[in-house]
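Per-entry structural report
If you want the building blocks of each chain, they are given just below.
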Amino acid sequence: MKILNKVEEIILVLALLAMTIIAFANIISRNFAQISLSFTEELTINLFVLLTFVGTAMGVRNYSHLGFTLLYDLGGKVLKRSMIAISTICGLVLFGVLFWYGIQTILFQMDMGQKTPALGWPTWVMTLSLPIGAILCIVRTLQVGWQEWQLKDPASTSKEGEQL
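Rules used in this analysis
- Residues numbered from 1 in each chain as written.
- Predicted model: local features only at pLDDT ≥ 70, side-chain atom pairs only at ≥ 80, totals over all residues.
- Heavy atoms only, no water.
- Helix = DSSP H or I, 4+ residues; strand = E, 2+ residues; numbered from the N terminus.
- Rg over C-alpha atoms; globule rule 2.2 N^0.38 Å.
- Buried < 20%, exposed > 50% of the residue type's maximum accessible area, 1.4 Å probe, protein only.
- Contact = heavy atoms within 4.5 Å.
- pLDDT = per-residue confidence, 0-100.
- Phe/Tyr/Trp six-rings, centres within 6.5 Å; stacked < 30°, edge-to-face > 60°.
- Lys NZ or Arg CZ within 6 Å of the ring centre and 35° of its normal.
- Axes fitted to C-alpha atoms, helices over the stretch in contact; angles between N-to-C directions.
- Parallel < 35°, antiparallel > 145°, perpendicular 65-115°, else oblique.
- Nonpolar A, V, L, I, M, F, W, Y, C, P; charged D, E, K, R; others polar.

Let's talk about the overall build of the protein chain
Across its full length, the protein chain carries 6 helices and 0 strands. Mapped from its N terminus to its C terminus, the protein chain presents α and β elements in the order α-α-α-α-α-α. Taking 164 residues into account, the globule formula puts the C-alpha radius of gyration at 15 Å, and the protein chain, at 20 Å, lies well above it. A total of 164 residues make up the protein chain; the buried ones form 33% of that total. When contacts within the protein chain are restricted to residue pairs at least 6 apart in sequence, those whose partners lie at least 24 apart make up 69%.

Thoughts on the confidence of the model for the protein chain
With 92% of its residues at a pLDDT of 70 or more, the protein chain shows a mean pLDDT of 86. The least confident element of the protein chain, judged by mean pLDDT, is helix H3 (residues 70–74) at 77; the most confident is helix H4 (residues 77–112) at 93.

With respect to the packing of aromatic side chains
Counting across every chain of the model gives 0 aromatic pairs. Above the plane of the ring of Trp149 lies Arg81, whose end atom (NZ or CZ) is 4.7 Å from the centre.

Examining unusual backbone geometry
Phi at Gln34 takes a positive value of approximately 50°, unusual for a residue other than glycine. Within the secondary structure, Gln34 is located in the loop between helix H1 (2–32) and helix H2 (39–61).

A closer look at the packing of H2 against helix H6 (residues 129–150)
Packed helix pairs are specified by the crossing angle of their axes together with the interaxial distance, meaning the distance between the axes. Close contact between H2 and H6 brings their axes to 8 Å; oriented N to C, the two are set at 5°. Taken together, H2 and H6 sit at an angle that is classed as roughly parallel. Between H2, through Asn46, Val49, Leu50, Phe53, Val54, Thr56, Ala57, Val60 and Arg61, and H6, the contact on the second element is made entirely by Ser129, Leu130, Gly133, Ala134, Leu136, Cys137, Arg140, Thr141, Gln143 and Val144. In terms of residue class, the contact of H2 with H6 is built from 11 nonpolar, 6 polar and 2 charged.

Digging into the environment of Ala85
Within the secondary structure, Ala85 is located in helix H4. In this structure Ala85 comes out as partly exposed when scored by relative accessible area, which is 30%. Between the alpha carbons of Ala85 and Tyr63 there is a distance of 16 Å; along the sequence they are 22 residues apart.

Below, the structure written as structure tokens:
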């Protein structure tokens, strides 16, 4: 999983760096050369989608998402295990549906031969971030669910999922 951690981090850094450079170049070109780089909007939006999905996977990995734990904290081991199972299954269903519809969208875009308006790239290339991000989220949901399930006392976890 360390390799996957690095891949996620590299994707996040490169996407954010590219978005920053693109936005800065667009600002400079508009203010100094009175030229608007219209294609930058396409790239920035699609990089933002990629950033969102990979960031979601990283958030799942780091237990960074908001949660309401009152019932979990008050419950016994059976209730805690049930909640772990239910939340893992719900996450897998959500990300599975996103993956399925992402693949269906890509196949449709390939069949139709759709191109992006400004760059003229195949639209499916930009849509790849949806199934890729969904797969990362599925892997991380399974990882976190398994880590929580393995704890002797599911209530005694730190932010990183290590036993206290």
